[in-house]
Every structure is written in C-alpha cells, then in structure tokens.
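This is what each chain is made of:
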Amino acid sequence: MNGAIPLIDAQAALGFVIAQASIIEPGVYRTVYPDIQYRGLIPVDTSGSEFATSVTYMSQDQFGKADWINGNADDIPKAGTTRSKFETPVYTAGIGYGYGFEEIGRAQLLGINLTSEDAAAARRASEEMVDRVALLGDASKGFTGLFNASNVAPIAAPTGAWGTLQAPGTATPDQIVADMNAALMNVFNGTNTTAIADRLLLPWSKFMLISTKKMSEFSDLTILQYFLANNVYTATTGQPLMVRGQRGLDNAGVGGVPRLIAYRYDPNVLKLHMPMPHRFLPAWQSGPLRWDIPGVMRLGGLDVRLPKQVVYLDGI
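Residues numbered from 1 in each chain as written. Predicted model: local features only at pLDDT ≥ 70, side-chain atom pairs only at ≥ 80, totals over all residues. Heavy atoms only, no water.

**What to know about the nonpolar core**
Alright, step 1. One finds Ile42, Leu146, Leu201 and Leu272 to be the most contacted residues of the largest nonpolar core, which totals 30 residues.
Alright, step 2. For this core, the elements supplying multiple residues, two or more each, are α3 (117–136), β8 (259–263), β9 (270–273), β13 (295–300), β14 (302–304) and β15 (310–314).
Alright, step 3. Sort the elements by how many residues they give to this core and α3 lands first, with 4 residues.
Alright, step 4. Sequence-distant contacts of Leu201, that is, excluding residues within four places in its chain, are made with Leu41, Leu146, Phe147, Met242, Arg244, Gln246, Leu249, Arg259, Leu260, Ile261 and Tyr263.
Alright, step 5. In terms of nonpolar packing, the next biggest core, distinct from the first, is built from 28 residues, Leu184, Val187, Phe207 and Phe227 among them. (Core = buried A, V, L, I, M, F, W, Y, C linked by side-chain atoms within 4.5 Å. Buried < 20%, exposed > 50% of the residue type's maximum accessible area, 1.4 Å probe, protein only. Helix = DSSP H or I, 4+ residues; strand = E, 2+ residues; numbered from the N terminus. Contact = heavy atoms within 4.5 Å.)

Okay, structure coming up:
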C-alpha cells in the first residue's frame, strides 16, 4: 500500500478546509471583475439590516409657484410636497463551493494548498447575479432594473435611425449629437431646470458608431469627441460627462429597439439595496466524502426614486 492516500479523518479534514478557506477568501474578495457593470453605474446601499424583509422609502415631489398678489389678499399662493411610499422586498440568494475527499486528501498528503478556483467562480457568479438584477431586474421577484425601470416612461428619439458601422442610418452626425443632448435636456426640463443628467449609456453598436465616425469629411473629430466637448452638461457645469457603451441596450427599448439612457448618478435618484453583500459561511461536512463552504447574500431590487431624473430614449 506504499504511496496510497491514507483514509483521512473527517474532523481533521474539516479543520484543514477551514484553515484553507481563511487563506482563500480574502484573495477572492480582493479580485476585481472588469466586465461587471453595476458597480460603476448604480449607487449600492449596504446599510440596511441584514435580515430585513423589505426596504421602505418615500419618493417626493414639490409644487407651487410664487406670483404677484394684492397687498390685502388672503389667497396667498401655496407651495407643498407630495409623497409616495414604496417598499422593496429583500430576498436571500446563495452560491458556494466545496472540496471532495480525494482533493483534500492529496492536499494534506503533499502539504499543498487547496485550489482557489472554485471559490473565485462562486464569487464571480454572485457578482454576475447582482449585475443582472441591478441592470435588468428579475421578473420572478417583481424587480426591474436600470435598463427597464417600470416607473420611467420611454420617449422616442427626436431623430433616431443612427444605424451602425456595418449598416449606416439616415441620421447625420449633427442629428446624432442633437439626440444625445436632447436626452440630457429632458432631465433638465423635466425637473424644472433643477437637475441635469451626468451619465449617458449607449448600446455598444451605437457607442462604436460615435467612437469611430467623423463629424464630417473636413473634421478629425469623431462624433464622440465632438459631443464630449460640446454637450449641455459640460457646458452647464464645467465637468466632464460620462458616456459609456453597455451590453444589453441594443434591444432594450419598446419593441426591441435600441435604448439610450441618461440619468443623474446620485443615491437620491436611484439605489440598489444589498443589506448583506455576498459572504462565505463556515465550512461544514455536507456528506461522507464532501466538505462545502456555503455562500449567501441578501439582495433587494433597484429603486428609481426620482424617475424624472432618468430618461429612456428609444429608437436611436
């Protein structure tokens, strides 16, 4: 029996897995996934109670306008606010990893560490789920996301018909710039000039179009370069506008048309609730030849609290 792997003790194996997990998990949580989109697009709130069943918030609007009155008048114009109460449920999700009898036995015998690939895969899967819920929602839980929020009414692009690099549309570069500025101005006008969008999300096909197509045959500037220097947000605030291409927007509009999204990045405008970010629980022996490390998180939906500060421009 020389060279055979000895029968491992279950408690010793469990202790070995626990020690290995304490090494693996910090490294896994430090990993950054560049193609996970939600973190740079949506404020995330982790402040709620971890086991709360829902998050309640108030959405508020105001009305009223000062006007001239007679000095003896008793009908003074009044200002006021309207409030609506909303409640977002919070649910538990899970993804973990584990090791088998032979894998643990060989690692102990040879004095090597257990691999971290499965832990990284579990962590990656948790991020992918949050990304999907944040951007697209989840019909099974009644959630909508940044790309399809139920309280944001889509509008048609003033010109539209941009086309793509492979299939050019009828819109001119000037009309494409005007469409993008119209989305920014829609937030500005819809909030009575109190807010302006600072982010613009485009379908990848449209982003590639404006990134490469020139404003004219006499210009070295692409449509994107020209727009970044000549948009109403930058002209108003002096700050750069964030413009990004995003997966999932090429058919996100009504009827499957491309959708452009303009919004103001602020937790008062929109927020994703994650009262319990993904975590790994203590290892346990889940079967006679298996030791698992469960992973859990508690996640709510995306709240668009001020829908007038989010614009969907369809048909670009």
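**Quick notes on helix α5 (residues 204–212)**
Alright, step 1. Taken together, the buried positions of α5 are occupied by Lys206, Phe207, Leu209 and Ile210. For α5, the angular spread of buried residues about the axis comes to 160°, placing them on one side.
Alright, step 2. Those residues of α5 that are buried are in contact with α4 (173–190), β6 (199–203), α6 (223–229) and β7 (242–246). (Arc of directions from axis to C-beta.)

**A word on the environment of Arg244**
Alright, step 1. With respect to the helices, strands and loops of the structure, Arg244 is situated in strand β7.
Alright, step 2. Once the C-alpha coordinates of Arg244 and Phe16 are considered, the two residues, 228 residues apart in sequence, prove to be 46 Å apart.
Alright, step 3. Leaving out residues up to four positions away in the same chain, Arg244 has contacts with Gly40, Leu41, Leu200, Leu201, Leu202 and Phe207.

**Brief notes about the pattern of salt bridges**
Alright, step 1. In the structure shown here, the tally under the stated rule is 10 salt bridges.
Alright, step 2. Across the pair Arg106 and Glu102 runs a salt bridge, and its minimum N-O distance is 3.7 Å. Here Glu102 and Arg106 lie together in helix α2 (residues 101–110), a separation of 4 residues that amounts to about one turn.
Alright, step 3. Taking relative accessible area as the criterion, Arg106 reaches 41% and is therefore assigned partly exposed.
Alright, step 4. Through salt bridges with shared partners, a single network forms among Asp35, Arg124 and Glu128. (Salt bridge = Lys/Arg side-chain N within 4 Å of Asp/Glu carboxyl O.)

**Observations concerning the packing of helix α1 (residues 10–30) against α3**
Alright, step 1. Axis separation between α1 and α3 bottoms out at 9 Å; the angle between their running directions is 40°. The orientation of α1 relative to α3 falls into the category oblique. Of the two elements, α1 crosses α3, and the hand of that crossing is right-handed. Only Ala119, Ala120 and Arg123 of α3 make contact with α1, whose side of the interface consists of Ile24, Val28 and Tyr29.
Alright, step 2. Within the contact of α1 with α3, the residues separate by chemical class into 5 nonpolar, no polar and 1 charged. (Axes fitted to C-alpha atoms, helices over the stretch in contact; angles between N-to-C directions. Parallel < 35°, antiparallel > 145°, perpendicular 65-115°, else oblique. Left-handed = near helix turned anticlockwise from the far one by under 90°. Nonpolar A, V, L, I, M, F, W, Y, C, P; charged D, E, K, R; others polar.)

**A word on the side chain of Thr191**
Alright, step 1. Along the chain, Thr191 turns up in the loop between α4 and β6.
Alright, step 2. By relative accessible area, which is 12% here, Thr191 ends up buried.
Alright, step 3. Separated by 2.9 Å, the side chain of Thr191 and the backbone oxygen of Val187 make a polar contact.
Alright, step 4. Polar contacts involving the side chain of Thr191 include one to the main-chain carbonyl oxygen of Phe188, which spans 3.3 Å.
Alright, step 5. Apart from residues no more than four positions distant in its own chain, Thr191 is found in contact with Lys308 and Gln309. (Polar contact = N/O pair within 3.5 Å; in protein donor to acceptor, adjacent residues only side chain to side chain.)

**Quick look at the confidence of the model for the protein**
Alright, step 1. Here the protein shows a mean pLDDT of 90. Residues at 70 or above account for 93%.
Alright, step 2. Here residues 1–5 scores under 50 on pLDDT; set against residues more than four positions off or in separate chains, the count is 3 contacts. (pLDDT = per-residue confidence, 0-100.)

**Describing the packing of aromatic side chains**
Alright, step 1. The final tally for this structure, using the stated rule, is 5 aromatic pairs.
Alright, step 2. Ring geometry for Tyr29 and Phe280: centres 5.6 Å apart, planes at 55°, overall tilted. In this pair, Tyr29 is assigned in helix α1 and Phe280 in strand β10 (residues 276–280), connecting sequence segments 251 residues apart.
Alright, step 3. On the accessibility criterion, Phe280 (9% relative accessible area) is buried.
Alright, step 4. Each member of the aromatic cluster is reached from another via a ring pair, and the members are Tyr29, Tyr97, Tyr99 and Phe280.
Alright, step 5. Positioned above the aromatic ring of Tyr91, the side-chain terminus of Lys141 is 4.2 Å from the ring centre.
Alright, step 6. Here the basic side chain of Arg199 rests over the ring of Tyr265, its NZ or CZ set 3.9 Å away from the ring centre. (Phe/Tyr/Trp six-rings, centres within 6.5 Å; stacked < 30°, edge-to-face > 60°. Lys NZ or Arg CZ within 6 Å of the ring centre and 35° of its normal.)

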